[in-house]
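# Analysis of the macromolecular model
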Amino acid sequence: MKGINVDVNAQRLASTQADSVRRAASGFTAARRLTLQSTYGRHLLQAREHAAKTKDHVLNNLREYLLQLEQNCQNNGIELVWAKDAESARAAVLEIVRQHASPGAVIVKGKSMLTEEIHLNAALQHEGYVPIETDLGEFVVQLDDDQPSHIVAPIIHKSKQDVAQTFAAHGICEPSEDAQTLTLAARKELRRRFKQAEIGISGVNFAIAETGRLVIVSNEGNNRLSTTAPPLHIAMMGIEKILPREADLPLFITLLTSSATGQRITTYVHMIAGPKKHDETDGPNKLYLVLVDNGRSRIASGSCAPILRCIRCGACMNTCPVYRQASGHSYRHVYSGPLGIVLAPNLDGLETMGDVVKASSLCGACEEVCPVKIPIPDMILHLRNEALKANAATRENWRAFVSLASHPAMWKFAMRWSGLSGVLPLDPIRRWKRHRAWPKREGTAFRRWWNDRS
Amino acid sequence: MLTCLCDAFYGEVGIAAVKVLEHLGCKVEFPLDQTCCGQPPFNNGDWESARKLAARTIELFSGDVPVVVPSSSCAAMLRDGCRSLFGKAMSNVFELSEFVLNVLKIESWPGDSIQAQRVAFHRACHGRVLGLGDSQERLLQMVPNLRLVPFEDADQCCGFGGAFAIGQGFLSSKIGLEKLRRICETGVETFASGDMGCLMHLRGLIEKHRLPVRAVHYCQVLSSTIS
């Protein structure tokens, strides 16, 4: 489909939304710079290179690390389930859910982009279960029947006033413009849900192959409650989220949280080593880990493999001039911004996501901030080439230009008489002029000057 | 190398670049058959056409003579882009400031001073690919009486992006206007940059929206100090 035109979608965005996104993204970018600078100083590049190398090492030895993780998780009493695509991942979760709870049961969820990627909530609801998002942003998104517009800050596009309106409409609290009042009201509502919950579902930020421990970073405490309060915890992760050793964690946690929100470390870092042991009082009785491929092994063997290094910090989105103006929804995919431009066509195919590759000025800011040094602009260029070859993107016609630029005599003639206006196909000029003035033709000045003096 | 945008629209920028190089003691040659480096089709995904144009550019400029380009993006195309297209980069290509500072090793500007002036500088993004850092600003700052003025979000792109400016015109112009808003906030009358792609886009926005600021290539500022 040649329809994911981010530019067209962005025009439908309310200006207040664009303002919220720009302000917040710019704030995250500044905080990121400050924290990384004070943490690593001149060693920052070295730290990023080391992280990139570690992830590449994992990806190059993924099979071995997955087997090691499986073994060590089982030793910890974690039951593993493998899912090759979104459908089997949903089916696997549903099967576990059915074994432990009846329709109508409340399932509390920690924030997880993977569950968004495989559209898990819809599947659970379809079977009569009641999934409740417990991350504050995701909670608002769910109430609004909206989509997250950012992988770290799901309601980056909303204001306090928007949230107040939503909460009032759902009877969570009286309209208020005070963020703390709103947050406390959500907390109260969510506590009620945590008490009801029969199952908790969470994502995973890092899984340690060496020890079989699952690591989750969070700020709101909702992940701790989601993973420990209900008697059953289902953790879900993409197969690329492995780190070899616990010794890798300090680097990766610091890079992740600094790059995401400018925090040197988040309020909570959970290291989950299995379900409740016989001498423990807290924790779930049973813990499943669902490992989802969903295209990842295919991506790992292609030209966009480095995108699997991604630790989902969102720094590329925050710094991206296009994302700042377009907001996440314009990309029409769970993954937006520079990450999404590469990941979405790789997950869903160029046929459906072909035009999204155009939503980049190739400025390179994303690569500059990426904590694992993913060469995003290079991959966007490759994808544009692939989209064109597969006829999956709207083709812009440069044939006349290329033909002229291949024939210097004709080129010189055209430059003298019409500048580029005669060379470019008319449509691009028309489209250029819609937004800005077309330059005056003063190019002949150079060749005339050069000829006159020699 | 003149670049196709200067060949078509901005001859005076080419003249200024030659004047700067000659003033610093270089003998400049201008192969008359040059056209375009292939960047527009390359960024559009049309690598077949891009190879055609890049290959003839490489042939035309082959040899040991350094090729100096007054544009970060064309220089990046010939260095980095050619690596994607052919597996190897053109190593004798330099962006103008890079050549002046790193090859000619100029440490102070041997020109006249200008009338005291505050100037903002927009760094073209392809300087990232070239690893230019602040070389263009450093060169400009050598001009006596010229003061560079910082502005908010200076590291953000101007929204040109070649094909992006045409295909995603709404976003492109919004990004550009944000850049110009930040520059205008400083109250400068002039800002400089090092890529006529960015400047064509920003000048087009300035003209359409009647903004009170003038956009020039930094080599025009340098050449104005040469008597």
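Above this text you will find the structure in question.
What comes next is a walk through the structure. Please read these numbers as outputs of a predicted model, since none were measured by experiment.

The rules behind the values
Residues numbered from 1 in each chain as written. Chains lettered and ligands numbered in written order. Predicted model: local features only at pLDDT ≥ 70, side-chain atom pairs only at ≥ 80, totals over all residues. Heavy atoms only, no water. Helix = DSSP H or I, 4+ residues; strand = E, 2+ residues; numbered from the N terminus. Rg over C-alpha atoms; globule rule 2.2 N^0.38 Å. Buried < 20%, exposed > 50% of the residue type's maximum accessible area, 1.4 Å probe, protein only. Contact = heavy atoms within 4.5 Å. Areas by Shrake-Rupley, 256 points an atom, 1.4 Å probe, with all protein chains shown as cover. Lys, Arg positive; Asp, Glu negative; His and termini not counted. Charge placed at Lys NZ, Arg CZ, Asp CG, Glu CD. Buried area = accessible area lost by both parts, 1.4 Å probe. Salt bridge = Lys/Arg side-chain N within 4 Å of Asp/Glu carboxyl O. Polar contact = N/O pair within 3.5 Å; in protein donor to acceptor, adjacent residues only side chain to side chain. Nonpolar A, V, L, I, M, F, W, Y, C, P; charged D, E, K, R; others polar. Phe/Tyr/Trp six-rings, centres within 6.5 Å; stacked < 30°, edge-to-face > 60°. Lys NZ or Arg CZ within 6 Å of the ring centre and 35° of its normal. Pairing = 2+ DSSP bridges. Axes fitted to C-alpha atoms, helices over the stretch in contact; angles between N-to-C directions. 1 Å grid on protein atoms, 1.4 Å probe; cavity = no way out; pocket = protein on both sides within 12 Å on 5 of 7 lines; lining within 4 Å. Points joined across faces, edges and corners; volume = space filled by probe spheres on them. Core = buried A, V, L, I, M, F, W, Y, C linked by side-chain atoms within 4.5 Å. Right-handed = clockwise from strand over helix to strand, strands pointing away.

So, about the overall build of chain B. Along chain B, the regular secondary structure elements total twelve helices and six strands. Relative to the compact-globule value of 17 Å for 227 residues, chain B shows a C-alpha radius of gyration of 17 Å, a close match. For chain B, the C-alpha atoms occupy an extent of roughly 45 × 45 × 25 Å along the three principal directions. Across the 227 residues of chain B, 64% fall into the buried class. Taking the contacts inside chain B whose residues are at least 6 apart along the sequence as the reference set, 75% of them involve residues at least 24 apart. With an accessible surface of roughly 8500 Å², chain B has 49% of that area assigned to carbon and sulfur atoms. Computed over 22 positive and 24 negative side-chain charges, the inter-centroid distance for chain B is 4 Å.

Once that is clear, we can look at the overall build of chain A. Scanning chain A from N- to C-terminus turns up 23 helices and ten strands. Expected size for 454 residues packed as a compact globule is a radius of gyration near 22 Å; at 25 Å, chain A falls within 12% of this value. The buried share of chain A, taken over its 454 residues, is 59%. For chain A, restricting intrachain contacts to residue pairs at least 6 apart in sequence, the fraction spanning at least 24 positions comes to 75%. For chain A, the accessible surface area stands at approximately 19000 Å², while carbon and sulfur atoms represent 51% of it.

Turning to unusual backbone geometry, a few remarks are in order. In the Ramachandran plot, A:Asp145 falls in the positive-phi region, its phi being about 55 degrees despite a non-glycine side chain. Its place among the elements puts A:Asp145 in the loop between helix H8 (136-143) and helix H9 (160-169). Exposure remark for A:Asp145: the relative accessible area of 71% places this residue in the exposed category. Despite not being glycine, B:Arg210 has its phi angle at roughly 50 degrees, a positive value. Along the polypeptide, B:Arg210 turns up in the loop between helix H11 (196-209) and strand S6 (214-217). In this structure B:Arg210 comes out as exposed when scored by relative accessible area, which is 76%.

Moving on, we get to helix H6 (residues 96-103) of chain B. All names here are of chain B. The buried count for H6 comes to six of eight residues, which makes it a mostly enclosed element. Within H6 the residues assigned to the buried category are Leu-96, Ser-97, Glu-98, Phe-99, Val-100 and Leu-101. Lys-105 lies just past H6 and shows a positive phi near 55 degrees.

It is worth spelling out the interface of chain B and chain A at this point. On the side of chain A, 64 residues touch chain B, which itself brings 66 residues to the contact. Around 5800 Å² of area is buried between chain B and chain A when both sides are counted, 60% of it from carbon and sulfur atoms. When residues of chain B are sorted by the area they lose upon contact with chain A, B:Phe9, B:Ile166 and B:Phe170 head the list and together hold 12% of the total. In this structure, the connection of chain B to chain A is made through seven salt bridges. Between A:Arg22 and B:Glu178 there is a salt bridge, with its nearest N and O atoms 3.8 Å apart. Between the two partners, chain B and chain A, sit 24 residue pairs in polar contact (both at pLDDT 80 or more). Breaking the side of chain B that touches chain A down by element, the ones donating at least two residues are helix H1 (4-8), helix H2 (11-23), helix H3 (39-44), helix H4 (47-60), helix H7 (126-130), helix H9 (163-167), helix H10 (169-185) and H11 of chain B. With eight residues, the top contributor of residues to the side of chain B that touches chain A is H10(B). Here the residues of the side of chain B that touches chain A are counted per class, giving 30 nonpolar, 19 polar and 17 charged.

Quick look at the packing of aromatic side chains now. In this structure the tally under the stated criterion is 16 aromatic pairs over all chains. A network of ring pairs unites the aromatic residues A:Trp432, A:Trp438, B:Phe9, B:Tyr10 and B:Phe160 as a single cluster. The ring centre of A:Trp432 lies 4.3 Å from the NZ or CZ of A:Arg436, which sits over that ring.

Attention now goes to the sheet that holds strand S3 (residues 117-122) of chain B. All names here are of chain B. Strand order across the open sheet formed by four strands is S4-S3-S5-S6, with parallel pairing between neighbours. The sheet is open, and its two borders are formed by strand S4 (146-149) and S6, each paired with just one other strand. Across the sheet, the mean angle from the axis of one strand to that of its neighbour is 40 degrees, orientation sign disregarded. Sheet strands in contact with H11 are S3, strand S5 (190-193) and S6, and its direction is about 165 degrees off that of S6.

So, about empty space enclosed by the protein. Counted according to the given criterion, the structure contains six cavities of 30 Å³ or more. Of the voids in this model, the largest cavity is the one considered here, and its volume is about 560 Å³. The set of elements that each furnish at least two residues to the lining of the largest cavity consists of helix H22 (426-435) of chain A together with H1, H3, helix H5 (72-86), H9 and H11 of chain B. A class-by-class count of the residues in the lining of the largest cavity yields 28 nonpolar, twelve polar and one charged. If you add up the space inside the second largest cavity, you get close to 110 Å³. Lining the second largest cavity are 15 residues, and of these A:Cys310, A:Cys313, A:Cys316, A:Cys370 and A:Ile374 lie nearest its centre. Classifying every residue of the lining of the second largest cavity by side-chain character gives 13 nonpolar, one polar and one charged.

The biggest cluster of nonpolar side chains holds 93 residues, and the ones touching the most others in it are A:Phe206, A:Ile307 and A:Tyr331. With near-sequence residues (within four places) excluded, A:Ile307 lies in contact with A:Ile299, A:Leu339, A:Val342, A:Leu343, A:Ile374 and A:Met379. Residues A:Ala414, A:Trp450, B:Ala17 and B:Leu101 belong to the second largest nonpolar core, which totals 75 residues.

Another aspect to go through is the pairing of S5(B). Residues and elements named next belong to chain B. Of the two faces of S5, the one lined by Thr-190 and Ala-192 and the one lined by Phe-191 and Ser-193 are each fully buried. Note that S3 and S5 share four bridges and pair parallel. Of the residues in S5, the one forming a bridge with Val-119 is Thr-190. As defined by bridge partners, S5 adjoins S6 across four bridges and the pair is classed as parallel. What sits directly across from Phe-191, in S6, is Ala-215. Since S5 and S6 lie parallel, the crossover through H11 that links them has a hand, and here it is right-handed.

Moving on to the sheet that holds strand S6 (residues 213-218) of chain A. Residues and elements named next belong to chain A. Pairing within the open sheet is mixed, and its four strands lie in the order S8-S5-S6-S9. Two strands close off the open sheet at either side, each with one partner strand: strand S8 (242-243) and strand S9 (268-272). Two strands pair when backbone bridges link them, and strand S5 (residues 206-208) and S8 are joined in this way by two bridges, in the parallel orientation. Paired with Ala-207 across the two strands is Ile-242, which belongs to S8.

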